[in-house]
Amino acid sequence: MDLEVKGVAATSRSQIQPFFGRKKPLQQRWTSESWTNRNSCPSVVPRLDLGSLVDSDDEDQNMIPENLPAPTDKYKLKYQQYKTEMKEGYKQYSQIDAENTNSNVTHQQSPRNKIDEKCVQHKEANTDDLTTLDRKALLQQGYADNPCDKQQRARKLDAEIVAAEKKKQIVAEQVMIDHLSRAVISDPEQNVAIEQKESDHILPDSKMTPLRFRKRTLHETKIRTHSTLTENVLSHKLQFDGRIMSRNGHDACRELIGFFFTHDQSLTIYEYRQFGKNRTIVLPFIQKSIYSHQCGRRKGKQYRLGDFYVGATLTFLSSDHASLPESIKENTFLKLRITHIDQIALDSLKTASMDQEDDIVIQETNDRLVFKAIQDVLKEKLHKRGVRILTGLGKYFQQLDKEGNGLLDKADFKQALKVFHLEVSEKDFESAWLILDDNGNGKVDYGEFKRGIIGEMNEYRKSYVRKAFMKLDFNKTGSVPITNIRKCYCAKKHSQVISGHSTEEEIKSSFLETLKVACSKSDEVSYGEFEDYYEGLSIEIIDDEDFVTILRTPWGI
């Protein structure tokens, strides 16, 4: 069938040719020439006059309608407010941009002050100006106390106190059970006496009575024991909490509870262990006996009631205790620091006999004054640089300790102080060395040296440092992978994050960057390195609660 629409002839479907890639025009008379004529364009494109595009005042005036009403006072007020806000916003933006530019320039001019094996970069560091690392470490002081969380923290603190008292009660009961049972039941002569008594009643030719028909007793009640310990005697005791002074995280985080018995001036220390949430065990760590000081001015003198107070150090010979862990036996002395004491029991047990010798008290007071004078001088040099210097100093001591026993000589300590620009007068250094080198062997533990020369945070602050590390080190290996720290660290409540000046990732990256500089391994952090970091941060913070907030907020403890 043939159709014709608007002068165009249509063919039937049978006559339509297949499509081979180029479409034929619908009308045969539509040639390329006709298409060009219909869509003609100039052969030469005229040049664009850019000058004619410039705005002019005449155009602006022409665009404003003539019959526009005058602006009202309300509109003028809003316009002035908007104009003021825009100027202030631009001013703040310019200041922030200038600060970022200055920080970038400082970052490019001063190197990252990382501690390498030779500590070359620390020698070149300028102690007069803060480095980028110092500024990033100071960001950790941005955690402020939130009044809204006080009630929640109070409940959590009450729960912790109840749990701690429960632990102490369990340990105290175990101590009473152990010593009373050994005194009353475990008489070494009871078995011999019972066997002798039974053999007297049995004739030689008679048959032995079967075991199930024989009378069996645990002990002979008529035999008097050599020990006179009773529950009343053991109740006159002083209970205290302690920690091991060690850079080994597993040993430093052991929960130790000790008892000093006044009836014979003996002491014992137990360890509380917890497996999971419900399984616990209490084991003796130091057997009950009479011990003496092994170091310091009181070396060789027996422990007395006056030697027990918060911050006191108890020293024991590691070789005298075969049941100690191998990591502790590596050191000659086991040093325990008293972190908490039962003050009520101490006040009730005080007598006139606990007064110490006047000469020893005077000597110890003079020793503290020597260390205090040196610490006051170095505190000015550590201002706002404590994290970088203390973490670097700990790492530098480890590099100098080739034998791995933690002991260094006088020349090593002088070199370390010179490298980190912590120069001390020769007179003060010699006075401190005479106090620290009480054995006279020419070597001192660098942990003791750092505590004496620079000082240390109090036990209240250190308890929270251990809590944070124990939360991270849930496997109790003594070291924490960097990945676990990144997962557990939370910067949501940082002041700069709340104000919008920084993001959570920026604060977290700043913390990890400063912490990694202190680490001897790139993928994990040891307890000693973790403690050195917060030791340096603690120098700048006066109030204990402010320091606890810095630890409690990001770690959730």
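Here, the structure is the one placed above.
Right, let's walk through the structure included here. (Residues numbered from 1 in each chain as written. Predicted model: local features only at pLDDT ≥ 70, side-chain atom pairs only at ≥ 80, totals over all residues. Heavy atoms only, no water.)

## Regarding unusual backbone geometry
The backbone of glutamine 265 sits at a positive phi, close to 60°, despite the residue not being glycine. Locating glutamine 265 in the fold gives a position in the loop between strand 4 (255-261) and strand 5 (266-275). Take glutamine 265: its relative accessible area is 25%, and that puts it in the partly exposed class. A positive phi angle, close to 65°, is found at lysine 384, a residue other than glycine. Mapped onto the fold, lysine 384 is located in the loop between helix 12 (358-381) and helix 13 (386-400). For lysine 384, a relative accessible area of 38% puts it in the partly exposed group. (Helix = DSSP H or I, 4+ residues; strand = E, 2+ residues; numbered from the N terminus. Buried < 20%, exposed > 50% of the residue type's maximum accessible area, 1.4 Å probe, protein only.)

## A look at the packing of aromatic side chains
Enumeration over the complete set of coordinates arrives at 24 aromatic pairs. Ring geometry for tyrosine 489 and tryptophan 555: centres 5.3 Å apart, planes at 80°, overall edge-to-face. With tyrosine 489 in the loop between helix 18 (482-488) and helix 19 (495-499) and tryptophan 555 in helix 22 (residues 544-555), the pair connects residues that are 66 residues apart, well separated along the chain. Note on accessibility: tyrosine 489 and tryptophan 555 belong to one class, buried. Between lysine 467 and the ring centre of tyrosine 464, over which it is positioned, the NZ or CZ distance is 4.6 Å. (Phe/Tyr/Trp six-rings, centres within 6.5 Å; stacked < 30°, edge-to-face > 60°. Lys NZ or Arg CZ within 6 Å of the ring centre and 35° of its normal.)

## A short note on helix 22
Given 3.6 residues to a turn, an α-helix orients residues that are three or four positions apart in the same direction. Counted at 1.5 Å a residue, the expected span for helix 22 with its 12 residues is 16 Å, and the 17 Å between its end C-alpha atoms agrees. For helix 22, the full list of buried residues reads Phe547, Val548, Thr549, Ile550, Leu551, Arg552, Pro554 and Trp555. For helix 22, the N-terminal cap is aspartate 543; the gap from its side-chain oxygen to the backbone nitrogen of glutamate 545 is 3.0 Å. Among the residues trailing helix 22, glycine 556 stands out with phi positive, at a value near 70°. (Expected span 1.5 Å × (residues − 1). Polar contact = N/O pair within 3.5 Å; in protein donor to acceptor, adjacent residues only side chain to side chain.)

## Details of the layout of surface pockets
As a volume, the second largest pocket reaches approximately 1,900 Å³. What lines the second largest pocket is a set of 46 residues, and nearest its centre among them are Ala164, Lys167, Glu255, Lys467 and Met470. Mapped by element, the contributors of at least two residues to the lining of the second largest pocket are helix 6 (150-184), strand 3 (237-244), helix 9 (249-252), strand 4, strand 5, strand 8 (333-341), helix 17 (459-472) and helix 22. Ranked by residues supplied to the lining of the second largest pocket, first place goes to helix 6 with 11 residues. Looking at the lining of the second largest pocket residue by residue, the classes come out as 17 nonpolar, nine polar and 20 charged. (1 Å grid on protein atoms, 1.4 Å probe; cavity = no way out; pocket = protein on both sides within 12 Å on 5 of 7 lines; lining within 4 Å. Points joined across faces, edges and corners; volume = space filled by probe spheres on them. Nonpolar A, V, L, I, M, F, W, Y, C, P; charged D, E, K, R; others polar.)

## Things to note about the packing of helix 13 against helix 16 (residues 446-453)
The contact between helix 13 and helix 16 brings their axes to 11 Å, and the two run at 150°. Considered as vectors, helix 13 and helix 16 are oriented roughly antiparallel to each other. With respect to the hand of their crossing, helix 13 and helix 16 are arranged in right-handed fashion. Along its contact with helix 13, which presents Leu390, Leu393, Gly394, Phe397 and Gln398, the element helix 16 presents Tyr446, Phe449 and Lys450. (Axes fitted to C-alpha atoms, helices over the stretch in contact; angles between N-to-C directions. Parallel < 35°, antiparallel > 145°, perpendicular 65-115°, else oblique. Left-handed = near helix turned anticlockwise from the far one by under 90°. Contact = heavy atoms within 4.5 Å.)

## What about the pairing of strand 5?
Counting buried positions along strand 5 yields seven of 10 residues, so the element is predominantly enclosed. Of the strand pairs in this sheet, strand 4 and strand 5 are connected by seven bridges, and their pairing is antiparallel. Its bridge partner lying in strand 5, glycine 258 is registered against isoleucine 269. What sits between strand 4 and strand 5 in their antiparallel hairpin is a turn of four residues, with glutamine 265 showing a positive phi close to 60°. Across eight bridges, the pairing between strand 5 and strand 6 (residues 279-289) is antiparallel. Within the sheet, the bridge partner assigned to glutamine 274 lies in strand 6 and is threonine 280. Between the end of strand 5 and the start of strand 6, which pair antiparallel, lie three residues, with glycine 276 showing a positive phi angle near 75°. (Pairing = 2+ DSSP bridges.)

## Thoughts on the side chain of threonine 514
Structurally, threonine 514 is set in helix 20 (residues 504-517). Of the polar contacts made by the side chain of threonine 514, one reaches the backbone oxygen of serine 510; its length is 3.1 Å. A polar contact is formed between the side chain of threonine 514 and the side chain of tyrosine 533, at a distance of 3.3 Å. Beyond its immediate stretch of four places on either side in the chain, threonine 514 contacts Leu133, Lys136, Ala137 and Tyr533.

## Quick word on the pattern of salt bridges
Here the structure, examined in full by the defined rule, presents 31 salt bridges. The partner of arginine 298 in a salt bridge is aspartate 307, and the shortest N-O contact between them spans 3.9 Å. For the residue pair arginine 298 and aspartate 307, the accessibility class agrees, reading buried in each case. Put simply, glutamate 326 and lysine 329 hold a salt bridge, and the shortest N to O gap is 3.9 Å. Taken together, the residues glutamate 326 and lysine 329, both in helix 10 (residues 326-329) and three residues apart, mark about one turn of the helix. One connected set of salt bridges, linked through shared partners, spans Arg243, Arg337, Glu456, Glu459, Lys462, Glu531 and Glu535. (Salt bridge = Lys/Arg side-chain N within 4 Å of Asp/Glu carboxyl O.)

## Here's the deal with the sheet that holds strand 6
Read across the open sheet, the six strands follow the order 6-5-4-3-8-7; overall the sheet is antiparallel. Each edge of the open sheet is held by one strand with a lone partner, namely strand 6 and strand 7 (313-317). Averaged over all pairs of adjacent strands, the angle between strand axes in this sheet comes to 35°, irrespective of strand direction. Sheet strands in contact with helix 17 are strand 3, strand 4 and strand 8, and its direction is about 105° off that of strand 8.

Such coordinate-based values are descriptive only and should not be taken to indicate function.
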